[in-house]
Structures are given as structure tokens and as C-alpha cells.
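Below, each chain spelled out in residue letters.
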Amino acid sequence: YNSSHWEIFIMQWQRRWHVSVIVPLGLVLLIANTGLLSFLNKEDPFVTYSRRLRSASEQVRDSHLYALAAMEGLKFEELYAAVMAAKDAAASSSEESRARISEAEDRLNEKEAKPRIHTFWEPLDDTGMTTESNEAMLRLWEAAWQAAGWEPVVLTMEDAMQHPDFENINRTLSTDMPFGGYDLICFLRYLAMSMAGGGWMSDYDVFPLNPLEKGGSAAQLPNGGTFTLYEKQLVGPGAVPSLASGRQTEWDRIAHLIYENALEHREADFWSDFYAFIDIDKNKDGLYKIEDGVLQGRRALTGRVWQQSDCGITEEKIAVHFAHDAIIRGQTRTDEVMSDRPRIAQSWLEMWATKCEIVPFVDAPMEISVFAHLTSQNAFQTS
């Protein structure tokens, strides 16, 4: 045999020696070592680890690790720590995967969940309504939105007070501004919506008509969640903040935007969130979106029984707003007063439901092909 044959023979012999002698010897040493140390009542790293083992399979695993450590000239605790670290890393990776799956499921459930609509409720005496009619309006609001497939949520001053800037904004608007109780609350409700996580909010005298094409859930807010008002002014800039939507950060941004606008007009005889939105749209265009999604109550109250031919003005409208203005400028009976608003609204909604077809509000931008545009302009015609 030459030297290379001897080297191969020695390597094969060593491999057989490791398997047939070293591993069994390691097990024997393990048992003897454990028993001897127990007898002598001394502490050893492996005994410390062994005491923590909970199953036979773990004992077998550690026996193999002890033998492998002896073969490789390693300390058992070092090899054990390395194996456990690798196991923890694998478990962490698996946990991250489960977390990602759970997050995806949550997003899917959010898309399929009912859309949520909020209103801000704080009893006041200067609304022209009795306590009973105010409460009747709130009950009608809850019942109507729930029947339309939404989840109605009533926010209060307690929700607004959770906002970290509530104290400063409330103190400034209460003492330095020409506000009545109603107008002050109209500013503070945006803080409550921020704390509620954003989404949809309406006045308590706004009632649902047509659904949104994409459903309106928190995961499907119009305009990508940018703050949007839906009662477009018939004339002039701005919009009535009777129905609004936006993600949580947008509600917080708007709360501070209209607050700063109010401070800019602190010398005015009167100011409101409505005035702020008009001023912002007029002088700082693009800070919020406006959609034509709410029918003004005065246009709905025609003074006669609706026919199907009247339904055109409600098509693609998300809601109808029976504001104070609706009673003042709409066609009502001579004996009807402001406190009759809940009954007037309910009667009109029942009439509308029997006369008009559902025409959803289109909350997704239409995809228009550039080729369709070119075709319409006869761009491909040849002479």
C-alpha cells in the first residue's frame, strides 16, 4: 500500500471508531457521570440542563448532543446553546409567518365587515328642538343606518376628551372665540373621530339612501382615505360637513387645520367649521376632497307625494340631510315646526323606499382607456 491508501484506511477506521465506539462510550459516560455526580452531590452543567428536561425524546436528544460534544471537543453547554438558538430562530420565523397570515386575514375581514358610521351627540338647548325630538332624531338615525347595513356608533364628549390636544383646543375655542355651544362641539367632534380611528361620520339628521359601490368599509374609503366631504354646495366653494370620511390620520389633520383656521378669524363676529371649510377650499385648494353625495333636505321636501320621475335627484346619493334649513326652505305643512323633523324625515324615507330604485354611489374612479378617447376623436381615420 502506498501512503494514500493508508490515509484512506485510517480515515475509514476513524469514522467506524466514532460510530461504533465513541457514541456508545459517550452514552456510558453520560450515565456513569450523572450517577456519580448525583452520588457525590456535585453540580455539573449537563446535570443542570438534564433537570429541566420534560420528555424522553428530549433526554435522547441531549444524550446525542453530549456524545457529539465529546467527539468534537466541545463543551456540552456551548453545543446545547447553539442548537437552542437555531431552534428559537426557526420558531421566530414561523411566528412571523403566522403573524403575517393573521394580519392578511384581518385586512380581509375588515374589507368584508359592515361599514361603520359615527355621529357626535351632545345634548344642547339652543337647537330649536325639544329634548324629546332630539332623542327621537338620534334613534331614527341609528335605526336607519342599521337597516341600510351600516354599524352606527354614537360618539360623545368623552371620546373627544381622550385626544391629547383636547384641553388646549377646547380652552382656546371656549374663551377666545365667538362660539356658542353648538359651534364649539362641531369643532371638537373631529378630535373624537380621530380617537375613534377615523372612518365615516355624519350629522344625526343625515339618513342613508344608496349604498357605496365599493361598500364603504374602513378598508375601502373613497379617495384612498383622504378626508372627503359629501354635501357639495349648490353655489360657491366648500361643502357642508354633514357627511365625511377619512382615515384616522386625516381626521387628526383636519381637526388641527380647521382649528388653525378659526384662530386666523378670531376677530370675526361668527365662525364655524362650515365657514372654515369654505375658506380653506377658496384660499387653500386641495386640502380636502369634495363629492356630490348628499341630497339637501330642502330639495327632497317638495310638498307633494313623490313619483318615480322625482327619483332622479337621489340617484348616486349616499344620504339625505334634513337640516334646520330643510324645514325653513323646504315645502312642509303650515303647522309643522322644527321639532317635527324626526317625523318628517321618517315619512319621507318610507315614501322614497317605495318609489325609487337603488343607484349606488360610485366611489371608485372610472378607468378610461386612452385608446377609447382617440377612437372617439376619429384619430385612426385615414384619408
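Throughout what follows, the structure given in this document is the object of discussion.

1. Quick word on the sheet that holds strand β5 (residues 228-232)
- Here 6 strands make up an open sheet; going across it, the order is β2-β1-β3-β6-β5-β7 and the pairing mixed. Two strands close off the open sheet at either side, each with one partner strand: β2 (151-155) and β7 (289-290).
- When β5 meets strand β6 (residues 239-247), the two strands line up antiparallel, connected through 4 bridges. Each residue of the ladder has a partner; that of L229, found in β6, is A244.
- Lying on the sheet, helix α5 (residues 131-147) is in contact with β1 (116-120), β2 and β3 (198-202); it crosses β2 at an angle near 150°.
- Where helix α10 (residues 273-283) meets the sheet, its contacts fall on β5, β6 and β7, and the angle it forms with β6 comes to roughly 75°.

2. Observations regarding the sheet that holds strand β8 (residues 294-296)
- Here 3 strands make up an open sheet; going across it, the order is β4-β9-β8 and the pairing mixed. Of all strands in the sheet, those with a lone pairing partner are β4 (206-208) and β8, marking the two edges. Strand-to-strand, the axes of this sheet are offset by a mean angle of 25°, without reference to chain direction.
- Strand direction decides the pairing type here: β4 and strand β9 (residues 319-321), joined by 3 bridges, are antiparallel. Of the residues in β9, the one forming a bridge with F207 is V320.
- Contacts between α5 and the sheet are confined to β4 and β9, with β4 contributing the most and set at about 20° to the helix.
- In the packing of helix α13 (residues 341-355) onto the sheet, contacts are made with β4, β8 and β9, and the angle to β4 comes to roughly 20°.

Cut-offs and rules
Every chain is numbered independently, its residues counted from 1 as its sequence is written. Given that the model is predicted, a residue must reach a pLDDT of at least 70 before its local features are reported, and side-chain atom pairs must reach 80 or more before they are shown or counted; all residues, however, enter totals for whole chains, interfaces and linings. To obtain the side-chain values, all non-hydrogen atoms of the structure were used and water was disregarded. Two strands qualify as a pair provided that DSSP identifies no fewer than 2 bridges between them. Comment: elements are numbered from the N terminus, with helices defined as DSSP H or I runs of at least four residues and strands as E runs of at least two. Contacts were defined at the residue level, with two residues in contact if any of their heavy atoms lie within 4.5 Å. In this description, a line fitted to the C-alpha atoms serves as the axis of each element, helices being fitted only across the stretch in contact, and the angle between N-to-C directions of two axes falls anywhere from 0 to 180 degrees.

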